[in-house]
Amino acid sequence: MATGERFDLVIRGGTVFDGTGAPGLRADVGVRGERIVAFGTVTHRGDVEVDARGFAVAPGFIDVHSHDDYAVILEPEVPFKVLQGVTTDVVGNCGSGVVPFEAGLVRFRRLHPDADPTPWEGFKGYLERVDSVRPSCNVAVLIGQGSMRRGAMGNDTREPTAAELDRMKAWVREGVAAGAVGLSTGLIYEPSRYAKTDEIITLVRELRGPSGGLYATHMRNEADGLLDAVREAIRIGEEAGVPVQISHHKASGRRNWGRVRDSLALIDEARARGVDVTTDQYPYTAGSTTLAAVMQNNSFRADSPGGLGQLEGGDVLISSSPKHPEWEGRTVATLATNWGVDTEGAAQRVLDGEGDACWVVVFTMDERDVKAVLAHPTTMIGSDGVPTGGNPHPRLYGCFARVLGRYVREEKVLELPTALHRMTGMPAAKFQLLDRGTIRPGAYADLVVFDPARIDDAATYTEPRQAPTGIRAVYVNGAAVARDGRHTGARPGRGLRRGR
Ligand SMILES: [Zn+2]
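Per chain, the residues get numbers from 1 upward, laid out in the order the sequence is written. Local features in this predicted model are restricted to residues whose pLDDT is 70 or higher, and side-chain atom pairs enter the listing and the counts only when it is 80 or higher, whereas totals over whole chains, interfaces and linings include all residues.

Novice: Before we go on, may I ask you to explain the overall build of the protein chain in this structure?
Specialist: Starting at the N terminus, helices and strands are each numbered in turn, a helix being any DSSP run of H or I of at least four residues and a strand any DSSP run of E of at least two. Within the protein chain, the secondary structure is distributed over 16 helices and 20 strands. For the protein chain, whose C-alpha radius of gyration is 22 Å, the value lies close to the compact-globule estimate of 23 Å for 500 residues. Dimensions of the protein chain, computed from C-alpha atoms along their principal axes, come out at roughly 75 × 50 × 45 Å. The exposure scheme places C-beta atoms from the backbone and then counts, for each residue, the other C-beta atoms within 10 Å of its own, assigning buried at 20 or more, exposed at 12 or fewer, and partly exposed in between. Here the protein chain holds 500 residues, and the buried ones make up 58% of them. Radius of gyration here uses only the C-alpha atoms, and the compact-globule reference equals 2.2 Å multiplied by the residue count raised to the power 0.38.

Novice: Honestly, the domain arrangement of the protein chain in this entry has me stumped. Any pointers?
Specialist: Where the parts come together, the accessible area they lose is often given as the size of the interface. Split into domains, the protein chain comes out as domain 1 (3–59 + 438–456 + 465–487), domain 2 (61–285 + 365–430) and domain 3 (287–363). The class makeup of the residues in the side of domain 2 that touches domain 3 is six nonpolar, ten polar and five charged. Domain boundaries shown here were taken from an automatic or database domain assignment. Residues are sorted three ways: Asp, Glu, Lys and Arg are charged, Ala, Val, Leu, Ile, Met, Phe, Trp, Tyr, Cys and Pro are nonpolar, and all the rest, Gly among them, are polar.

Novice: In this structure, what is going on with the packing of helix 14 (residues 395–410) against helix 15 (residues 416–423)? I would like to understand it.
Specialist: Between two packed helices, the angle of one axis relative to the other and the distance separating the axes together describe the packing. Note on geometry: axes are lines fitted to C-alpha atoms, helical ones only across the stretch in contact, with angles between N-to-C directions running from 0 to 180 degrees. Interhelical geometry of helix 14 versus helix 15 gives an angle of 160° and a closest axis separation of 11 Å. With respect to each other, helix 14 and helix 15 are oriented roughly antiparallel. In this structure, the crossing between helix 14 and helix 15 has a hand that is right-handed. Taken together, the residues of helix 15 that come into contact with helix 14 (itself represented by F400, V403, L404 and V408) are L416, A419 and M423. Any angle between 65 and 115 degrees counts as roughly perpendicular, while under 35 counts as roughly parallel, over 145 as roughly antiparallel, and the rest as oblique. Should the near helix be turned anticlockwise from the far one by less than a right angle, the crossing is termed left-handed; should it be turned clockwise, right-handed. With C-beta atoms placed from the backbone, a contact is any residue pair whose C-beta atoms sit within 7 Å.

Novice: Sorry if this is basic, but what is going on with the pairing of strand 8 (residues 138–144) here?
Specialist: Remark: a regular strand shows side chains that alternate across the two faces of the sheet. Counting buried positions along strand 8 gives seven out of seven residues, so the element sits mostly inside the fold. Here strand 8 shows a buried face lined by N138, A140, L142 and G144 and a second buried face lined by V139, V141 and I143. Paired strands, in this sense, are two strands between which DSSP finds at least two bridges. Pairing analysis gives four bridges linking strand 7 (residues 86–91) to strand 8, with the strands arranged parallel. Within strand 8, the residue paired with V90 across the bridge is A140. Relative to strand 9 (residues 182–186), strand 8 runs parallel, the two sharing three bridges. Looking at the pairing, I143 lines up with L183 of strand 9.

Novice: Whenever I open this one, the sheet that holds strand 7 confuses me. Can you help?
Specialist: Strands pair in a sheet through their backbones, by hydrogen bonds, and they do so in one of two ways: parallel or antiparallel. The strand order across the open sheet formed by eight strands is 6-7-8-9-10-11-12-16, and the pairing between neighbours is parallel. In the strand order of this sheet, the two ends are held by strand 6 (61–63) and strand 16 (379–381), each with one partner. For this sheet, the mean angle separating the axes of adjacent strands, direction not counted, is 30°.

Novice: It is not clear to me how the sheet that holds strand 14 (residues 316–320) should be interpreted in this structure. Could you clarify?
Specialist: Pairing is antiparallel in the open sheet, where three strands are placed in the order 13-15-14. The sheet is open, and its two edges are formed by strand 13 (286–290) and strand 14, each paired on a single side. For this sheet, the mean inter-axis angle between neighbouring strands, taken without regard to orientation, is 30°. The sheet contact formed by strand 13 and strand 15 (residues 359–363) spans five bridges and is antiparallel. What sits directly across from T289, in strand 15, is V360.

Novice: Help me understand the pairing of strand 2 (residues 25–32) in this model?
Specialist: Note that strand 1 (residues 7–16) and strand 2 share six bridges and pair antiparallel. Paired with V16 across the two strands is L25, which belongs to strand 2. Where strand 2 lies against strand 3 (residues 35–40), five bridges are found, and the strand directions are antiparallel. Residue pairing in the sheet places G30 in a bridge with A38 of strand 3. Hairpin remark: strand 2 followed by strand 3, antiparallel, with two residues in the connecting loop; positive phi at G33, about 60°.

Novice: Help me out: how do you make sense of the packing of helix 3 (residues 101–108) against helix 5 (residues 145–153) in this one?
Specialist: The N-to-C vectors of helix 3 and helix 5 enclose an angle of 120°; their axes lie 8 Å apart at closest approach. By the angle between their directions, the pair helix 3 and helix 5 is classed as oblique. Taken as a pair, helix 3 and helix 5 cross one another with a handedness that is right-handed. Note on element contacts: helix 5 touches helix 3 through S147, R150 and G151, opposite E102, A103, G104 and R107.

Novice: What exactly am I supposed to notice about helix 7 (residues 197–205) here?
Specialist: Of all the residues in helix 7, the buried ones are I200, I201, L203 and V204. Buried positions in helix 7, seen along its axis, are confined to an arc of 165° and lie on one side of it. Next to the buried residues of helix 7 lie helix 5, helix 6 (162–178), strand 9, strand 10 (214–218) and helix 8 (226–240). Note: the arc covers the axis-to-C-beta directions of the helix.

Here you go:
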């Protein structure tokens, strides 16, 4: 055989799940350069041959909900992502975006207090920066409405003037032209939350059309007002004529447990009349946000809690407080007892000491709801990982492996081919990531080789910086980025443009 007929890589004899939800089948996968060139029985030899007998082979996982906008530039190996099999990271969620530059930087300094990158111009400039940095995974970007509103009108609570609205619309149009995959809101956060429904519809309308994208939302309320918030998200998509992605779907706060049945029914109803609504989820009963957001939403007040629901001091664990690392790993209840003050007093003291850079883990959900959302056919997987210092929520390292270990193998909430589809082919179609999320000749060679009998998350609330077990190899654009739980150092990723 001529040397020209060799492949760069052949993964032999694994059980291949192609990302469509079809059952696995025993097959070889041949790769040349960045693409899959053969699938089935591959007779060509590979310069690298991988014996995958006994392992599953799947498309690389697409994390549809991340906050790695700056991490992929500041820490381009993004080990917390590639070591769990993520090969494409969708950044710009919850309204926190990278345009305009200054307003975006203010937001992301809550995660990366010392960040000081050379400014970029627009989403085109951001994606070009990603291309030049070459992170270890691919990056798709959402247009963050909160950053735009801050850039146009600061933290004002009023409605925008016509000129301010025009500035925001121009940023959306630039993002669409640059290949952003959609627009996101974070309607519990300042200043995203000051936008009324009509203001959001006006911006989302700019996405309409063949090169537009979807509307992704951290809804105004995930607690007592959950159902109205779902109705608002659906209305925005329906009136603007744009697909909807409900972020980290859940029911927050004990008195709302069980309500995901109703919210999922609303989603089913909207789909039945032709609205394209899907959701994503991280498989944990705790969320994570800033302590500032907990306080702004009156979360400790039983009479009037906002979008996070009512929380007790014991529900709120300090995960990252860079100026006072001695607070990390303590709950607000513990600090309140130590200081002899009430819950809000303790939280306020932490906020005064740390400001916006204090992140917390909040225990707000019911395991039965987590399973009900995961079982629903409209749910994709999104880590919502927040790459802070301290002890970040374990979803940052463990999300995808936890779905496959705990919820597929042990709890049998989903079949393996279905779970893999929700992490690969389904998000690739919804976010219009061309030639990703599937195994077939012509697709990009973003691949994960793992042991379905052993895959497990290892990250915990107290020891979150642990890579999963059971993942043998991860490939991005044909290059190995992880082997046997270790990063190879390779950085073959790039910025992805919607539909291109
Ligand atoms: Zn969010």
